[in-house]
Amino acid sequence: MLDAKLFRSELADTAARLQQTRGFKLDVAKLEALEERRKALQVQTENLQAERNSRSKAIGKAKAQGEDIQPLLAAVDDLGAQLEQAKADLHDVQNELQSIIEGVPNLPVSEVPLGADENDNLEISRWGQPHEFAFEAKDHVDVAAGLAQGMDFERGAKLAGARFVVLQGAIAQLHRALAQFMLNLHVNEHGYTEAYVPYLVNHDTLYGTGQLPKFGEDLFHVQGATEKQVPLSLIPTAEVPLTNLWRDDIADEDQLPLQYAAHTPCFRSEAGSHGRDTRGLIRQHQFDKVELVWLVKPEDSMAVLEQLTGHAERVLQLLELPYRKVLLCTGDMGFGSCKTYDLEVWLPTQNTYREISSCSNMGDFQARRMQARFRRKGAKKPELMHTLNGSGLAVGRTLVAILENYQQADGSLKIPTVLQPYMGGKSEIKAS
């Protein structure tokens, strides 16, 4: 979340920036009224506390002098009741202010282009040349249907419902090979620490990275599943547990940067996406991702965003999949991001590029919620870290891209060279 100081000392400017960049209308009048109420209650609470302390001391003196202290006791009790009420009122106002602030998106940095939606995104570069087929190309669902066993949406629906799939045989092996290849690349060549993390997390963890309270309807929640009956939710991405590793913690300066990579299933109910990409693997309730997370010093985060994005690009380059790099405009950015690059892979049957990775600098937006901090050498006070995350890559969507870009005229599928060692040396999956 944004620094509360912006809503106290720079409210008008903050509201204007949010309106201009995010199209987000901040209720300035309500915030001003709540802040005035908060100040008044803060003063009232402090005055009542001081008065009660003073009266309590007077009771001791009166008692020592043999005076009747009952009136003084009654007055102290009355002050105590007033103080408790003032504290309760202050708590309510602070909670209301906090609730408003929690729902405000991050402010984009200056280089992010203004825009309303994906049509206003800025293409930065392209890599690779889209392949021209000498035959009529099939989409990934039809390609997989022509391979042995392949992907089975009917059985997925039988087991769990719509937007689930069963992968079998060589397709399941290829899916696994992709995840292993990505992890090995990021750990062995890009310096990430591999992590195995819980797939179920508590609500404090989801709050820390901004999924709660705003995006609760997009999650799968599990009630009373542990011995302590703690409400848990399935992770929408490994960004959530990885970033929260440093929640309520303080790192030493020389521990930064921290780099984590994890391969996990991800679960999203995607309540607002009905009717979109219902065919195939593009938008499933369960999918796999290799997630990349950095925790860094503030002055390093923009350079790290370029590095992180480059690591995701390297996966596509080694797989020889044509893609483009896009800088998202203000209207297409995620809630917590201050700058985001999308990598979009070429899908020949759609004759367009589709998102396969999103790499974002969150600034101190998540760290403030998590209180993830570091202490510079010689400094007394710790500072908030900056957090970054990106897909390196979404495994299912990468499988889609391979199925479409590596299909052959006889219905078989060529296996990318870098994946062949993970596939027992096979160079293709034959048609069934």
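Residues numbered from 1 in each chain as written. Predicted model: local features only at pLDDT ≥ 70, side-chain atom pairs only at ≥ 80, totals over all residues. Heavy atoms only, no water.

What follows is about the overall build of the chain. Within the chain, the regular secondary structure consists of 12 helices and 18 strands. A principal-axis box enclosing the C-alpha atoms of the chain has dimensions of 105 × 50 × 45 Å. Each of the 432 residues in the chain was classed as buried or not, and the buried ones make up 48%. Relative to all contacts within the chain whose residues are 6 or more apart in sequence, the contacts with residues 24 or more apart total 73%. Entry remark: accessible area of the chain is about 20700 Å², with carbon and sulfur atoms responsible for 47%. Here the chain carries 47 positive and 59 negative side-chain charges, and the mean point of each set is 3 Å from the other. (Helix = DSSP H or I, 4+ residues; strand = E, 2+ residues; numbered from the N terminus. Buried < 20%, exposed > 50% of the residue type's maximum accessible area, 1.4 Å probe, protein only. Contact = heavy atoms within 4.5 Å. Areas by Shrake-Rupley, 256 points an atom, 1.4 Å probe, with all protein chains shown as cover. Lys, Arg positive; Asp, Glu negative; His and termini not counted. Charge placed at Lys NZ, Arg CZ, Asp CG, Glu CD.)

This part covers the packing of helix 3 (residues 28-64) against helix 4 (residues 70-102). Axis separation between helix 3 and helix 4 bottoms out at 8 Å; the angle between their running directions is 155 degrees. It follows from the interaxial angle that helix 3 and helix 4 lie roughly antiparallel. When you trace helix 3 past helix 4, the crossing you get is left-handed. (Axes fitted to C-alpha atoms, helices over the stretch in contact; angles between N-to-C directions. Parallel < 35°, antiparallel > 145°, perpendicular 65-115°, else oblique. Left-handed = near helix turned anticlockwise from the far one by under 90°.)

One open sheet holds the 8 strands; their spatial order is 1-11-12-13-16-10-9-4, and the pairing between them is mixed. Every other strand in the sheet has two partners, leaving strand 1 (122-127) and strand 4 (193-194) as the edge strands with one partner each. As defined by bridge partners, strand 11 (residues 323-327) adjoins strand 12 (residues 339-347) across 5 bridges and the pair is classed as antiparallel. Residue pairing across strands places Val326 opposite Asp342, the latter belonging to strand 12. On top of the sheet, helix 12 (residues 395-405) reaches strand 10 (286-296), strand 12, strand 13 (352-361) and strand 16 (386-394); it is set at about 35 degrees to strand 16, its chief contact. (Pairing = 2+ DSSP bridges.)

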